[in-house]
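Take a look at the letters that make up each chain.
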Amino acid sequence: MADVSALSLILDALPAGTCTPEMMGHYTAAVASIRGLRITEEPWVRKEKKTKREVKDGCVAYEGGFVRDGGIGDPKFKTGVLVREIRGREFHKRKDASGRKKAHIEEATGCEFPSLAERAGLKSSPQLREAAKASLQWGRHGTQLRRERCSILKGCAESLRQLSAAILGAPGRDPQIIQLTMGLNIGFQCAIVDAIYWPDKFFPFRMTFGFPIVGVIPDSGVFRHLGKTKEELDDFRSTWPEAMSVSSNVQWMRELESKVKDAGELAQQSETGRARALLLQQRCDDEVLKKYSTGPFTSQELDNRFGRGGWRAARRTFIEQGVDENGEVKLRMIDNEKTSGHNERSFLMEMISPDGAGAPVAIAKDYVECVGENERAPELVLSLDDVEAAYRIIPNSQLRYAVVCIWTPEGPRYYVMSGHSFGLTSAVTNFNRMPALLCAAAQVLLACTVNHFFDDFQEVSMAMCKSSVQDSMWA
């Protein structure tokens with residue numbers, strides 16, 4: 001797969017002649033230009049499961065549990081996290097625990113403090129460490145250098161517009177997916193993937209034709225491998241025809257419509273229930289206007305489109321997620337793909353291993369380790385961004401299984417999702433392939449010290465460059 005071009009994967013699925021020699025010339029030149037921007041040629045390594053730091057045996061510096069105002073059992077008794085998890089009980093049994101306090105302090109002064117990043121098992125990739133190193137080398141010139149590089153990338157992107165238009169306009173793509181992906185620069189995505197040798201060669205292909213949401217979910221080569229065996233895969237494939245058979249789908253849809261009707265009638269008995277049912281319908285209709293879905297449809301209309309028993313839906317409801325700035329309860333749409341059987345009918349080969357809120361700490365540690373022995377680490381600034389409607393903008397390739405059902409005064413109504421719904425197991429890995437590529441490209445092409453947690457981006461800049469990293473991410 002390493003020798004396969006991301007662009008060729010797409011062109012092989014389209015009619016011959018979609019890409020003209022002139023377009024291919026622009027593409028080859030763009031890949032060469034982008035490749036020349038790389039700050040490192042370190043190979044990409046698949047993510048692994050995080051492992052927590054171990055305490056060195058016999059190291060008094062990591063031992064805690066010293067009394068402040070009381071003894072063991074007192075709520076004010078201070079217990080070291082690492083000791084409590086590993087060998088705190090044995091330590092507290094010692095009669096000379098209090099006598100070792102001085103030794104603890106003396107040894108701790110010369111010992112590296114276990115940061116949040118280390119405790120959580122966070123470790124930056126070689127590319128992220130190289131980005132920190134390059135940022136230090138660029139110093140105050142970092143802002144201007146990133147602007148110049150962004151200008152080169154914009155030029156490459158513009159040169160590939162015609163190629164992208166030819167790809168998106170070629171026959172063979174579903175009209176609903178065409179609406180969602182209209183305007184995407186697929187050619188530029190391919191050029192980035194090929195230029196940095198990104199292992200997920202199929203990402204631009206999936207953005208063109210959609211990602212599977214049930215069945216066997218393809219391995220991207222980026223996230224932590226689950227170690228599924230060939231026997232497990234064969235067993236799943238053998239049960240797939242029956243799991244998604246016409247009879248299975250028809251039976252489930254009867255159950256779903258009955259549940260939705262009962263829930264709708266119950267909701268009408270309270271003012272809150274009626275208001276939320278109306279709001280849910282309005283939210284679904286709003287997503288239709290944004291091209292995230294189509295609808296509303298009756299079950300008969302979907303039978304005409306996909307065939308009776310040729311589709312499967314999940315129930316859509318609200319979940320409460322805290323309160324907004326006005327003190328009002330925040331409601332988020334969620335689809336129950338667990339009860340509908342979508343998730344158990346999905347075979348995933350990998351799982352994401354996000355760094356979480358501790359990622360900026362790991363990045364800061366990279367900066368500290370990259371400065372000279374007698375140099376002072378720079379002041380850092382943290383910026384945060386997120387992706388709007390994250391799951392919705394990632395197209396799916398199985399519209400017949402991307403159906404959600406809500407109650408309306410006219411009866412159950414259905415919407416067909418163009419992207420991914422919040423409730424699909426497969427949506428997690430499918431969506432995260434996008435920010436993973438975006439962060440990787442920013443690290444090796446722009447020396448951006450950035451990471452992500454799902455759709456939230458954590459961008460760390462040196463204070464002397466202000467928001468240079470954040471500005472470059474969205475230039």
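So, a few notes on the structure that sits alongside this text. The structure presented is a predicted model; accordingly, all values stated were derived computationally and were not measured.

Ile-34, Ile-192, Ile-196 and Leu-445 are the most contacted members of the largest nonpolar core, which totals 75 residues. Looking at this core, the element that brings in the most residues is helix H18 (residues 425–446), giving twelve residues.

One turn of the α-helix equals 3.6 residues, which is why residues spaced by three or four share an orientation. With 19 residues, helix H15 (residues 271–289) should cover 27 Å at 1.5 Å per step; its first-to-last C-alpha distance of 27 Å lies within 8% of that length. All of the buried residues in H15 are Gly-273, Ala-277, Leu-280, Gln-281, Cys-284 and Glu-287. Angular distribution of buried residues about the axis of H15 spans 120°; they occupy a single face of the element. Looking at H15, the residues exposed on the side facing more than 90 degrees away from the buried face are Glu-271, Thr-272 and Leu-289. Of the surrounding elements, those touching the buried residues of H15 are helix H14 (246–267), strand E3 (293–297), strand E4 (313–323), strand E5 (329–335), strand E9 (403–408) and strand E10 (411–417). Positive phi shows up at Lys-291, right after H15, with a value of about 70°.

Another aspect to go through is the sheet that holds strand E11 (residues 449–453). Strands sit in the order E8-E12-E11 across an open sheet of three strands; the sheet is antiparallel. Each edge of the open sheet is held by one strand with a lone partner, namely strand E8 (380–386) and E11. Pairwise comparison of adjacent strand axes, ignoring direction, gives a mean angle of 20° for this sheet. As paired elements, E8 and strand E12 (residues 456–462) share seven bridges and run antiparallel to each other. Residue pairing across strands places Asp-385 opposite Phe-457, the latter belonging to E12. Packing against the sheet, H18 makes contact with E11 and E12, and its axis sits at approximately 175° to E11.

This model, assessed by the stated rule, comprises 13 salt bridges. For Asp-234, the salt bridge goes to Lys-230, with nearest N and O atoms at 2.8 Å. Of the two residues, Asp-234 and Lys-230 are both situated in helix H13 (residues 230–243); the distance of four residues between them amounts to about one turn of the helix. A salt bridge links Glu-369 to Lys-365; the nearest nitrogen and oxygen atoms lie 2.5 Å apart. Of this pair, Glu-369 and Lys-365 both sit in helix H17 (residues 359–370), four residues apart, roughly one helical turn. Taken together, the shared-partner salt bridges connect Glu-287, Arg-316, Asp-335 and Arg-392 into one network.

Right, let's talk about the pairing of E11 for a bit. Among the five residues in E11, four count as buried, and that is most of the element. Judged from the five bridges that link them, E11 and E12 form a sheet pairing that is antiparallel. Pairing of Thr-449 across the sheet is with Val-460, part of E12. Taking the residues between adjacent antiparallel strands as the criterion, E11 and E12 are bridged by two residues, where Phe-454 takes a positive phi near 60°.

With that out of the way, let us pick up the pairing of E5. Along a regular strand, successive side chains alternate from one face of the sheet to the other. The pairing of E4 with E5 spans six bridges and is classified as antiparallel. Directly across from Glu-320, in E5, lies its bridge partner Leu-331. Between E4 and E5, which pair antiparallel one after the other, the connecting turn spans five residues, and Gly-327 there sits at a positive phi close to 85°.

Quantified by volume, the largest pocket comes out at close to 970 Å³. Lining the largest pocket are 32 residues, with Phe-188, Gln-189, Leu-438, Met-473 and Trp-474 positioned closest to its centre. Secondary structure elements with two or more residues in the lining of the largest pocket: helix H8 (142–159), helix H10 (175–181), helix H11 (186–195), helix H12 (203–209), H18 and helix H19 (468–473). Among the elements that make up the lining of the largest pocket, the one with the highest residue count is H18 (seven residues). Residue classes in the lining of the largest pocket are distributed as 24 nonpolar, five polar and three charged.

Turning to the packing of helix H7 (residues 126–138) against H17, a few remarks are in order. Axis separation between H7 and H17 bottoms out at 9 Å; the angle between their running directions is 55°. Considering the angle they form, H7 stands oblique to H17. Crossing of H7 over H17 shows right-handed handedness. Residue-level inspection shows Leu-128, Arg-129, Ala-132, Lys-133, Ser-135 and Leu-136 of H7 in contact with H17, the latter providing Ile-363, Asp-366, Tyr-367 and Cys-370. Taken together, the residues of the contact of H7 with H17 sort by class into six nonpolar, one polar and three charged.

Definitions and limits used
- Residues numbered from 1 in each chain as written.
- Predicted model: local features only at pLDDT ≥ 70, side-chain atom pairs only at ≥ 80, totals over all residues.
- Heavy atoms only, no water.
- Core = buried A, V, L, I, M, F, W, Y, C linked by side-chain atoms within 4.5 Å.
- Buried < 20%, exposed > 50% of the residue type's maximum accessible area, 1.4 Å probe, protein only.
- Helix = DSSP H or I, 4+ residues; strand = E, 2+ residues; numbered from the N terminus.
- Expected span 1.5 Å × (residues − 1).
- Arc of directions from axis to C-beta.
- Contact = heavy atoms within 4.5 Å.
- Pairing = 2+ DSSP bridges.
- Axes fitted to C-alpha atoms, helices over the stretch in contact; angles between N-to-C directions.
- Salt bridge = Lys/Arg side-chain N within 4 Å of Asp/Glu carboxyl O.
- 1 Å grid on protein atoms, 1.4 Å probe; cavity = no way out; pocket = protein on both sides within 12 Å on 5 of 7 lines; lining within 4 Å.
- Points joined across faces, edges and corners; volume = space filled by probe spheres on them.
- Nonpolar A, V, L, I, M, F, W, Y, C, P; charged D, E, K, R; others polar.
- Parallel < 35°, antiparallel > 145°, perpendicular 65-115°, else oblique.
- Left-handed = near helix turned anticlockwise from the far one by under 90°.

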